[in-house]
Amino acid sequence: HNQLMDSEWFKSRKKALRVTDAELAEALGVERSVANKIVNGKVAFNASVLILTGLFLGRSRNNCE
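Remember, it's a predicted structure, so these values are computed and weren't measured experimentally. (Residues numbered from 1 in each chain as written. Predicted model: local features only at pLDDT ≥ 70, side-chain atom pairs only at ≥ 80, totals over all residues. Heavy atoms only, no water.)

Colleague: Help me understand the nonpolar core in this model?
Modeller: Side chains that are nonpolar tend, in soluble globular proteins, to be buried together. By size, the foremost hydrophobic cluster in this structure holds 12 residues: Phe 10, Leu 17, Val 19, Leu 24, Ala 25, Leu 28, Ala 35, Ile 38, Val 39, Val 49, Phe 56 and Leu 57. The set of elements that each furnish at least two residues to this core consists of α1 (8–17), α2 (21–28), α3 (32–39) and α4 (47–58). (Core = buried A, V, L, I, M, F, W, Y, C linked by side-chain atoms within 4.5 Å. Buried < 20%, exposed > 50% of the residue type's maximum accessible area, 1.4 Å probe, protein only. Helix = DSSP H or I, 4+ residues; strand = E, 2+ residues; numbered from the N terminus.)

Below is the structure:
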C-alpha cells in the first residue's frame, strides 16, 4: 500500500448507495472533481475528510448488506 487510502470500499459503497460525486462533494464541502479523486484514490486527504467520507458512505450500511 502507498499513503493513499485503498479506494475499493469507497467505490463499492458509493455504487451500492447510488451516491453521485456531486452528493459526496456537497457532504464533504469540496468540489465534485475532488470528491471523485478521493474515491478513486488519486489524492491524499486528511483524517477529517476520511472520517466524513466513511460516515457519509456508511450511513445506510444496513440497507445495502
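Colleague: What's the story with the packing of α2 against α3 in this structure? I'm lost.
Modeller: Contact geometry of α2 with α3 gives a least axis separation of 8 Å together with a crossing angle of 100°. The orientation of α2 with respect to α3, classified from their angle, is roughly perpendicular. Counting all contacts with α2, which are made through Asp 21, Ala 22, Leu 24, Ala 25 and Leu 28, the residues of α3 involved are Arg 32, Ala 35, Asn 36, Ile 38 and Val 39. Tallied by class, the residues present in the contact of α2 with α3 amount to seven nonpolar, one polar and two charged. (Axes fitted to C-alpha atoms, helices over the stretch in contact; angles between N-to-C directions. Parallel < 35°, antiparallel > 145°, perpendicular 65-115°, else oblique. Contact = heavy atoms within 4.5 Å. Nonpolar A, V, L, I, M, F, W, Y, C, P; charged D, E, K, R; others polar.)

Colleague: Looking at this structure, I do not really get α2. What am I missing?
Modeller: Each α-helix winds once per 3.6 residues, and so residues spaced three or four apart point in a common direction. Residues of α2 that are buried include every one of Asp 21, Leu 24, Ala 25 and Leu 28, and no others. Burial along α2 is one-sided: seen end-on, the buried residues are contained in an arc of 100°. Each element contacted by the buried residues of α2 is listed here: α1, α3 and α4. Just beyond α2, the residue with positive phi is Gly 29, at close to 75°. (Arc of directions from axis to C-beta.)

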